[in-house]
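# Summary of structural features
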Amino acid sequence: MKKRILTGDRPTSRLHIGHYVGSLQNRVKLQSDYETFIIIADIQALTTHFKEPDMLKKNVYEVALDNLAVGINPEISTLFIQSMIPQIAELTIYFSMFTTVNMLKHNPTIKAEASQYGYTDLNYGFLGYPVSQAADITFCRADLVPVGEDQLPHIELTRKLVRRFNDLYKPILIEPEALLSSCSRLVGLDGNSKMSKSLKNSIYLADTEEEVKSKIKGAVTDSNRVTIRDKGNPDICTVFSYHRVFNENESYNIYEMCKNAGIGCAACKKNLSKALNETLAPIRERRSYYENNIKRVKDILYFGSEKVRRAADETLDEVKDAVGIKYFK
Ligand code: TRP
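If you're wondering where the values come from, they're calculated on a predicted model, not measured in any experiment. (Residues numbered from 1 in each chain as written. Predicted model: local features only at pLDDT ≥ 70, side-chain atom pairs only at ≥ 80, totals over all residues. Heavy atoms only, no water.)

## Points about the site of the ligand
Near the ligand you find 14 residues, and of these Arg10, Gln44, Gln133, Asp136 and Gln151 are the closest. When isolated, the ligand has an accessible area of 370 Å², and the protein chains bury 91% of it. Top element by residues in the shell around the ligand is strand 1 (residues 4–9). It accounts for four residues. The residue makeup of the shell around the ligand, split by class, is six nonpolar, five polar and three charged. (Near = heavy atom within 4 Å. Areas by Shrake-Rupley, 256 points an atom, 1.4 Å probe, with all protein chains shown as cover. Helix = DSSP H or I, 4+ residues; strand = E, 2+ residues; numbered from the N terminus. Nonpolar A, V, L, I, M, F, W, Y, C, P; charged D, E, K, R; others polar.)

## Focus: the packing of helix 2 (residues 42–49) against helix 3 (residues 53–70)
Relative orientation of the contacting elements helix 2 and helix 3 amounts to 150°, with a least axis distance of 10 Å. Crossing hand, helix 2 versus helix 3: right-handed. Between helix 2, through Asp42, Ala45, Leu46 and His49, and helix 3, the contact on the second element is made entirely by Pro53, Met55, Leu56 and Val60. Of the residues contributing to the contact of helix 2 with helix 3, the split by class is six nonpolar, one polar and one charged. (Axes fitted to C-alpha atoms, helices over the stretch in contact; angles between N-to-C directions. Left-handed = near helix turned anticlockwise from the far one by under 90°. Contact = heavy atoms within 4.5 Å.)

## Quick word on the domain arrangement of the protein chain
With domains assigned, the protein chain is organised as domain 1 (4–186 + 293–323) and domain 2 (209–287). Spacing between the C-alpha centres of domain 1 and domain 2 amounts to 34 Å. Each side of the interface is counted separately: domain 1 has 13 residues, and domain 2 has ten residues. Around 900 Å² of area is buried between domain 1 and domain 2 when both sides are counted, 72% of it from carbon and sulfur atoms. It is Ile17, Ala69 and Leu186 that lose the most area in domain 1 upon contact with domain 2, and together they represent 50% of the buried surface on that side. The interface formed by domain 1 and domain 2 contains two salt bridges. Put simply, Asp66 and Arg287 hold a salt bridge, and the shortest N to O gap is 3.1 Å. (Domains from an automatic or database assignment. Buried area = accessible area lost by both parts, 1.4 Å probe. Salt bridge = Lys/Arg side-chain N within 4 Å of Asp/Glu carboxyl O.)

Written out as structure tokens, the structure is:
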């Protein structure tokens, strides 16, 4: 029996190259060795975007397309939509009985997001979404969760809740492990923070060649390097940090040239655009295949969700039995 992976994304925007190196690449690599489940977490997205359901609906498809575009193979991996699995909400309720408000209030990712969105008084759904994420992971008995590092507190909580559940009732749930990508998080084009839609500092997987070129043209570099004759410091340069990831072969040379004023920022950026566009070319091609076959994408999501719902039904049956609230066989 293959071990299982569960991972996924919120459909609040198209996915960007930060998602790609942080998680998507790993998913694609692992899908042949693990039974892979990919959740499009529309309910989790509602916790922050409940006023924009239309935007989320559109992005459910965009996120599915992005996953398929990077090489998720729908013949072997299962893509599904969170809201189509009501058992996740049910399991969330059972977990919530022994999750304390303090455990959630001190979660560093919750704190960071609350401050990013400017929340002072936290909504119940938002504060509690890590519990629902624990249900996402456990209802399908995932062993491994490939994620970016901002998700670690949620995996930690999941492990705690599983131990508590198994201890209180019956050891039927699996304690999952996080799998971090070997590539650290990509900074945004503005050099600050991470890539995020609201900061408008992202390169999307679906961006055209021209968009990529023009975004990289505008990316910040070493601000102490004013003219082409000044020596640069690649260690603090956003553009260089992308070279390291998307232009591995040339990055050593570029590093040395930058430090010795042997290459200017404009040429260095051109070079990066070329490398990045080469990475993105096959992704764009697969995306456009699926965009032209949107019925196929709908079927993938519909039948994927149906299959997952049947599995969820079985888990919840066992969960209720373990908790001791199953009244009729
Ligand atoms: N919280 C994740 C994010 O913001 C999305 C997500 C929802 C997820 N459920 C999950 C990730 C389960 C891994 C496992 O990107």
